[in-house]
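Listed below are the residues making up each chain.
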Amino acid sequence: MSAAGDRLQGTARQAALALPGTDHGYPFTQHLDVYKVAGKVFLIVTDDPDEQIITVKCEPEHARAQVCRYVSITPGRYLDKRHWISLGPGPGITKRLVTDAVEDSYDLVFERLPGRDRPRAR
């Protein structure tokens with residue numbers, strides 16, 4: 001079952017907040033809910049009813065594969081299109097896919113943090 005926009009965004013928020021050391025806020029605009037670990041962004045939830053997407057960090061090869069596989073996954077909006085993807089509601093966009101994308105994004109950011117900045121491992 002594919003996730004509608006509001007469910008996609010809610011699933012992403014829930015997955016992000018379950019990860020250690022996650023905080024979020026609206027540092028750029030009232031329509032971008034930004035999730036960070038140790039001050040580094042790993043998820044952006046677009047709070048615009050006309051554009052219900054999430055944007056996550058992704059390894060370049062995996063990002064290309066996801067963009068090719070799913071019509072509603074595109075290169076990341078407003079970010080480095082090799083390292084970020086945006087997911088919108090559509091065929092194949094499941095709760096599991098969204099949760100995995102958020103967790104993978106978190107892991108990519110977490111792995112690059114200096115040891116002193118890392119929250120306790122999950």
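Refer to the structure printed above.
Residues numbered from 1 in each chain as written. Predicted model: local features only at pLDDT ≥ 70, side-chain atom pairs only at ≥ 80, totals over all residues. Heavy atoms only, no water.

Turning our attention to unusual backbone geometry. Positive phi values are uncommon outside glycine, yet Ala38 reaches one of about 50°. Structurally, Ala38 can be placed in the loop between strand E2 (32-37) and strand E3 (40-46). (Helix = DSSP H or I, 4+ residues; strand = E, 2+ residues; numbered from the N terminus.)

Next up on the list: the sheet that holds E3. The strand order E1-E2-E3-E4-E6-E5 describes an open sheet built from six strands, whose pairing is antiparallel. Both edges of this open sheet fall to strand E1 (22-25) and strand E5 (73-75), since each of them pairs with a single strand only. Each strand axis lies, on average, 25° off the axis of its neighbour in the sheet, ignoring direction. The pairing of strand E4 (residues 54-57) with strand E6 (residues 84-87) spans four bridges and is antiparallel. Within E6, the residue paired with Lys57 across the bridge is Trp84. (Pairing = 2+ DSSP bridges. Axes fitted to C-alpha atoms, helices over the stretch in contact; angles between N-to-C directions.)

A separate point is the packing of aromatic side chains. Tallied over the entire structure, the rule returns two aromatic pairs. Where Phe42 meets Tyr106, the ring centres are 5.2 Å apart and the plane angle is 85°; that geometry is what we call edge-to-face. Residue Phe42 is located in strand E3, and its partner Tyr106 is located in helix H3 (residues 95-111); the two are separated by 64 residues in the primary sequence. Taken individually, Phe42 and Tyr106 each receive the classification buried, so the pair is uniform in this respect. (Phe/Tyr/Trp six-rings, centres within 6.5 Å; stacked < 30°, edge-to-face > 60°. Buried < 20%, exposed > 50% of the residue type's maximum accessible area, 1.4 Å probe, protein only.)

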